[in-house]
Each structure stands twice: as structure tokens, then as C-alpha cells.
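Structure assessment
Below, each chain spelled out in residue letters.
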There are 2 protein chains.
Amino acid sequence: MERVLSLFASELEATENAMREAITSDIPNIPQIINHITSSGGKRFRPLLLLSCAAMFNYRDAKRFRFAAIIEFIHTATLLHDDVVDVAQTRRGQESANKKWGNAASVLTGDFLLASSMLIMAQHGDMEVIRIVANMLRLMSEGEILQLNKSGRGDTSEKDYLRIVQGKTAALTSAACEVGARLAGASAAQQRALAQVGLHIGTVFQITDDILDYSSDKEEMGKDINQDISEGKMTLPLIHAMEKASREERMFMQEALTHGKITPAKREKVISLVVSYGGIEYARSQSSQRIKDVRKILGNFPASPAQESLLTIAEYAASRSK
Amino acid sequence: MERVLSLFASELEATENAMREAITSDIPNIPQIINHITSSGGKRFRPLLLLSCAAMFNYRDAKRFRFAAIIEFIHTATLLHDDVVDVAQTRRGQESANKKWGNAASVLTGDFLLASSMLIMAQHGDMEVIRIVANMLRLMSEGEILQLNKSGRGDTSEKDYLRIVQGKTAALTSAACEVGARLAGASAAQQRALAQVGLHIGTVFQITDDILDYSSDKEEMGKDINQDISEGKMTLPLIHAMEKASREERMFMQEALTHGKITPAKREKVISLVVSYGGIEYARSQSSQRIKDVRKILGNFPASPAQESLLTIAEYAASRSK
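Only a predicted model underlies this, so the values are computations on that prediction, with no experimental measurement involved.

Cut-offs and rules
Residues numbered from 1 in each chain as written. Chains lettered and ligands numbered in written order. Predicted model: local features only at pLDDT ≥ 70, side-chain atom pairs only at ≥ 80, totals over all residues. Heavy atoms only, no water. Contact = heavy atoms within 4.5 Å. Buried area = accessible area lost by both parts, 1.4 Å probe. Salt bridge = Lys/Arg side-chain N within 4 Å of Asp/Glu carboxyl O. Helix = DSSP H or I, 4+ residues; strand = E, 2+ residues; numbered from the N terminus. Nonpolar A, V, L, I, M, F, W, Y, C, P; charged D, E, K, R; others polar. Core = buried A, V, L, I, M, F, W, Y, C linked by side-chain atoms within 4.5 Å. Buried < 20%, exposed > 50% of the residue type's maximum accessible area, 1.4 Å probe, protein only. Least-squares fit on C-alpha atoms with pLDDT ≥ 70 in both.

Interfaces are often sized by the accessible area lost when the parts come together. Taken together, the contacts link 41 residues of chain B with 41 residues of chain A. Interface area lost by chain B to chain A is led by M118, M127 and R138 of chain B, which between them contribute 18%. Here chain B is connected to chain A by two salt bridges. The closest approach of N and O atoms between R163 of chain B and D26 of chain A, which form a salt bridge, is 2.8 Å. The biggest single contributor to the side of chain B that touches chain A is helix α8 (residues 127–150) of chain B, with 15 residues. A class-by-class count of the residues in the side of chain B that touches chain A yields 22 nonpolar, eleven polar and eight charged.

Rendered as C-alpha cells:
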């Protein structure tokens, strides 16, 4: 992954500049809030996907940095809205924007970022790019609302899960790839193929998150583990275990997840059921399957450093340890 | 106003249908939340502006209903976000969406409406319409953030006030008129003229709101009066009075507004200062000035029922008693 980051170092730098240029509001707390959250050490994972896909077709127009900035802005807007919704106190180890500036300013700055993104697209984009982004935003809000609806519910299917993951992560990574390809003048089939690569990468990224929450090493993770169960989040290892479990065990798990305040003993029992029914292995296999598919799709494109980078990013999404 | 509503009755009906058609999510609470808020008796004031402006140029394409629906959706999205921000319990006499479905679902359904609006524009609009809407959304979020910043602050200027009003109300009414004219193929100068009409109408609508908050008749208003001062809102009558007041009085008002919890006695004193310094008359004169300008601008267009309707709407915005 370090190699990919150094390969794209100057492009990511240009993206940072494009982000700074786009935030031109004279209302002082708007740039303050945006800088607070964008300068807190995000990895620019999503811009990197857009830039890699554009690079596969040797696209060199500086326009790509504006669109990479938009993808990061939309990500930032969702973080701002999510932190209000979750009443978050911190984000990436520092005070969250809602804690520091209040809910109102956070929601509205998120809206400002979405509006600014739309304005940049209206100035520099084509209608198809706007359609891709609008469709993505719709999938994102649908997926997140579905997640709320399914919180703590044992009848969450794997299909529901994948739609939730699309909303949380994969719609944006997919759009990042699709927009990169589209800007670069890729064919419709190539755009679809790379949108699929982006969808897989986002999904794998989220599945890895699910698995890491069962990691036994809190120190290594640098954050609390086993949080998903406490929050009633229906993740892939848990969904798989509930499908495999006996009726009685399923009822126990459902009951434990329902009330929002699970006891430590019940949580341990749920974890041991997830482990014994192979929930973690199943999630890993689902992740591997998608990496295999990414490799296959990318194999249809001519070899290039950008194509290799995409594969590296996909593998990183699966293998990262925090 | 009744005459305008009956003139556009079938067009408003078609707009309702377009709204229903556009909300196609299979996630059940999304249409539920949207219907809850859109069917609670909004006056479709903003779609009416778009339809009137389109009608001035005899534009008959059914596309106008989709765009009228978008304008109402964006208004609805801002209501959903505002109610979360204000921790509102009710909206138009019924339980607010955030009270009934929670903050998260309300914020996300607002986002869903914005995404859906953007998608419809990408399918049916031209790039200039998207630019108008994106620019409006940016002005709206800036104006609302400025309002937060200026809450309870005696140094709020009339210029600040007008920018806040643009964010709260007038950017959307202006865009409604501009998009209506644009769809109908009006010239750039005609579009600008009608955008200005929409800006005036929204501003007048808000100034009237400010004045009505000083109304002595709570029964007639059907809601609490003198709320703005309690909430530290810097409205036009108050801003004018603060400019005219003595240094001592200004300091008293500033102090009374600052702490968020004004006493009834201090509130009465602030009200009497606003009245004695002619704050209400001043606001009325600012409103009349704008109506005069609307009449002048509309006078440059050939006479038509639609043109008359716009003037009636503007006069209604100034003269409404609740």
C-alpha cells in the first residue's frame, strides 16, 4: 500500500489543493469545520480509487483533481451527518465537529459540502457524472436508513446486509471508480466493470471492519473491539451465525441484541456462537471471493501501474489489521 | 390569493402526482416520512412560483411538474434538517418527523430527497438548471450558518439579515422563479429579472413573518407570538431599533438577548423599544419597497394571467395576517 501512496503522492497533493480551492465561503466557521475534519488524517482512500481508475486510461486532465476532491467532500459530508446522528464525541482521536461547533453547524456544513460538490459538477462535469453521483447519494441514504431499520433485528438477511454496506461504504467507492473511468473517456462496458471493482472494494473494506471487531487484540486495533454487537449492528459474521444456529440459540441472540443494553456475559455468549458457527471464516471467504473477482475483472485490462495499484488497494482492504 | 390557487389548481394537482411518482423507495419509512411532512398542509407556495413563471412564457411541457416537485422536495429536505437542528416537537400542528422517527431517519430522509432531486435533474434537466439549484443550496446553507453565528448578536447588520433571509427563504423562491423561466426558454435577461422577483417575494415573505411575531393577537396567529426575541433571532424590526437606539439602550438589548433566557419583563422592554424606534414601520417600508420593485419588473413583461398571479403572490406575501 505504501508503494501505491507514493506512486500517487503528487496526485493526492493536487487533490488537497483542489479541496482547499473549492472551499471559498466567507462565513468563517464553514472552512474551519471542513478543515477540522479533512485535516484529521483521513487516508484519501476514495480519491485514490478515482485517480487510479482515471490513470488506467492515461487521463491527464487536471479536472480529475476536482472530481477526486468532490468524492472526498461527499465522504466528509456523510461523516458530519453521521456524527450528529450518532451523537459522536470524537472522530479520529479529536473532538468531533458536532461536539465542537454544535449539531446545527455540522448538519449545515455537510449540506454546504454537498451543494459545493454539485456546483463543481455543474461547472465541470457532464450529465452522466451527475447522474452517477446522484444515484450514489440515493443508495447511500437508503442503505443507511435500512441499517437503522434493521438494527438489532435477527431477521436481517445477507441481502439486507449487502444493501446496507452499499449505503455505508460501497456506493461511494463504486462511484469513485466509475467517475474516474468516465472522466477518462472509458467505454460504457469499462465504466461498468470498474464500478463493479469499486463496489467489491468497498464491500471488502466493510467486511474487514466487521471481522476486526472480533479481533482479540484491542491494543493493536487502537480502538474498542466488540462494539458492533453492543450497538446491535447486524454484521456479516453475526448474520451467518444466526442463519446456522439452532432455533433456541437464534432466539437467545435475537433477545440479547434487542434491548440495546447487552450484558457482558450475554455478549461473550453471542461472540462464542458467532465463532463456533464459523461466522468469521464465512466473512473472510466472502471477502476473498470478491478479491478474486476484482483480480479477474482487472485482468481484462492491459497491465499498468494503475491497474496494479487498484489490485493492491483491494488486497489492502481485505488484509488490513486496523 | 384564492383566485391564483384556483387558476393553478390542475397544475398543482399534477405537481402532487409528480411528487408521488418520484418517491419510489422500497424502504418503507422513506415514503412514510416524506408523506407525513408533505401531506401536512403545506401551501405549495414555491411550486406555484415556478409554475407561474413558466406560464408567463406559455410553457406547457409536463417536465415543469417534475421541477415543481423538486423545488418542494428541497423545501421539505430543509424542513426535515431544520427540525432536527431545532429539536422541534411539532410541525404544522402534528408530531415532527424527528420526534416520530428519530433524528437519524429525518436527516437521512432529507438527504434522500436532495439526492432524488439531483437524480431527476440529471435525467430531465440541463446543466444550467443544475447550476442554479446547486448555487441555491450553497446560499441556503451559508445563510443558515450565518444565522447561527449571529444569534443574539447586536452587531448583526441589515446586510447580514438579508443574507440570512436569502438562506432561509429567498434563495429557494428565487431559484423557483429562475428555473421556471429557464425551462420555458426565457432569455437570460428575463431569467435574471424573474430570479429577482423571486428573491423579493421570499424576502417579503420573511419580513412579514418578522412583523407578525410582534402581532398582539396570539389567537389570530394560531401560534405563539414574540418568539423571535426569546430565541435571540435578529429580525429586521429589532436590527433597525438597535441601530436607532441610544448606546445605553443598545447595551441593554444586547445583554437581554445574549443569555438565551430572557425574562418576561426584559422582553417587554425590548418590544417597547422596537416599537418606539419604529422598527415595525421600517420593516413594513422595506417590504413595500420590494413589492413596488416587483410591480416594476413585472411591468416589463406582457400582461397575462400568470404575470398577474405573480403580483398577487407577492402582495399576499406582504399582507398575509398569519
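Here we take up the nonpolar core. Formed by 166 residues in total, the largest nonpolar core has its most connected members in L194 of chain A together with L194 of chain B. Apart from residues lying up to four places away in sequence, L194 of chain B is in contact with C53, M56, F57, C177, A181, L298, F301 and L310 of chain B.

What follows covers the relation of the copies chain B and chain A. Rotating chain B by 180° and translating it 0.0 Å along the rotation axis places it on chain A, where the RMSD comes to 0.0 Å. Expressed as an axis order, the relation between the two copies is that of a two-fold axis. Distance from the rotation axis, computed per C-alpha, reaches its smallest value in chain B at M127 of chain B: 3.6 Å. Take the interface residues of chain B: 100% of them recur as interface residues in chain A, which is what a same-surface contact looks like.

The next thing to look at is unusual backbone geometry. Residue and element names in this part refer to chain B. Unlike most non-glycine residues, R44 shows phi in positive territory, near 55°. By secondary structure assignment, the location of R44 is in the loop between α3 (29–38) and α4 (45–55). A residue is classified by how much of its surface remains accessible, and R44, at 8% relative accessible area, is buried. In the Ramachandran plot, R92 falls in the positive-phi region, its phi being about 50° despite a non-glycine side chain. The residue R92 is located in the loop between β1 (90–91) and β2 (94–95) in this model.

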